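So the chains spell out like this:
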Amino acid sequence: MTPIALFEAKNRLSELIDRVQAGEEFVITRRGKEVARLALPEASDAGQRASDASARNQARQPGAHASARR
């Protein structure tokens, strides 16, 4: 895995995604410490991760909690 600083990863995210799709993996660092990994999802986890992300996004939408208060 190739280390990359968070600031650089943020500025080059589109390029990094293309490289990940080609099979590379990256370790994102902040102040020299590993904070995240950028890699393709594992096939068995992909569906669950997409479902989890969708649920988080729906919870963040404005008005999502309004109906719960009524």
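It should be noted that the structure appears before, not after, this text.
This report concerns the structure included in the present document. Keep in mind that this is a model prediction, so the values were computed, not measured. (Residues numbered from 1 in each chain as written. Predicted model: local features only at pLDDT ≥ 70, side-chain atom pairs only at ≥ 80, totals over all residues. Heavy atoms only, no water.)

**Quick notes on the sheet that holds strand β2 (residues 26–30)**
Reading across from one edge, β1-β2-β3 is the order of the three strands in this open sheet, with mixed pairing throughout. Lying at the two open borders of the sheet, with one neighbouring strand each, are β1 (2–5) and β3 (33–38). Ignoring strand direction, the axes of neighbouring strands in this sheet form an average angle of 35°. In this sheet, β3 lies alongside β2 in antiparallel orientation, the contact comprising five bridges. Bridging from a neighbouring strand, F26 pairs with L38 of β3. Against the sheet, helix α2 (residues 13–21) contacts β1, β2 and β3, and its axis sits at roughly 60° relative to β3. (Pairing = 2+ DSSP bridges. Helix = DSSP H or I, 4+ residues; strand = E, 2+ residues; numbered from the N terminus. Axes fitted to C-alpha atoms, helices over the stretch in contact; angles between N-to-C directions. Contact = heavy atoms within 4.5 Å.)

**Considerations on the pattern of salt bridges**
Taken as a whole and assessed by the stated rule, the structure comprises five salt bridges. The residue R12 makes a salt bridge to E15 at a minimum N-O spacing of 2.8 Å. Between E34 and R37 there is a salt bridge; the shortest N-O distance is 2.8 Å. Judged by its relative accessible area of 45%, E34 falls in the partly exposed class. One network of salt bridges, in which partners are shared, links E8, R12, E15, R19 and E24. (Salt bridge = Lys/Arg side-chain N within 4 Å of Asp/Glu carboxyl O. Buried < 20%, exposed > 50% of the residue type's maximum accessible area, 1.4 Å probe, protein only.)

**Here we look at the nonpolar core**
Grouped together as the largest cluster of nonpolar side chains are seven residues: I4, A9, L16, V20, F26, I28 and L38. Secondary structure elements with two or more residues in this core: α2 and β2. Excluding residues that lie within four positions of it along the chain, I4 makes contacts with A9, R12, L16, F26, V27, I28 and T29. (Core = buried A, V, L, I, M, F, W, Y, C linked by side-chain atoms within 4.5 Å.)

**Structural notes on the environment of V35**
With respect to the helices and strands, the residue V35 is situated in strand β3. Separated by 30 residues in sequence, V35 and A5 have C-alpha atoms that sit 9.7 Å apart. Setting aside residues up to four positions removed in sequence, V35 forms contacts with I28, T29 and R30.

**Structural notes on the pairing of β2**
For β2, the tally of buried residues reaches four of five residues, placing the bulk of the element in the interior. Relative to β2, β1 is paired through four bridges, and the arrangement is parallel. Looking at β2, one finds that P3 is bridged to V27. What sits between β2 and β3 in their antiparallel hairpin is a turn of two residues, with R31 showing a positive phi close to 55°.

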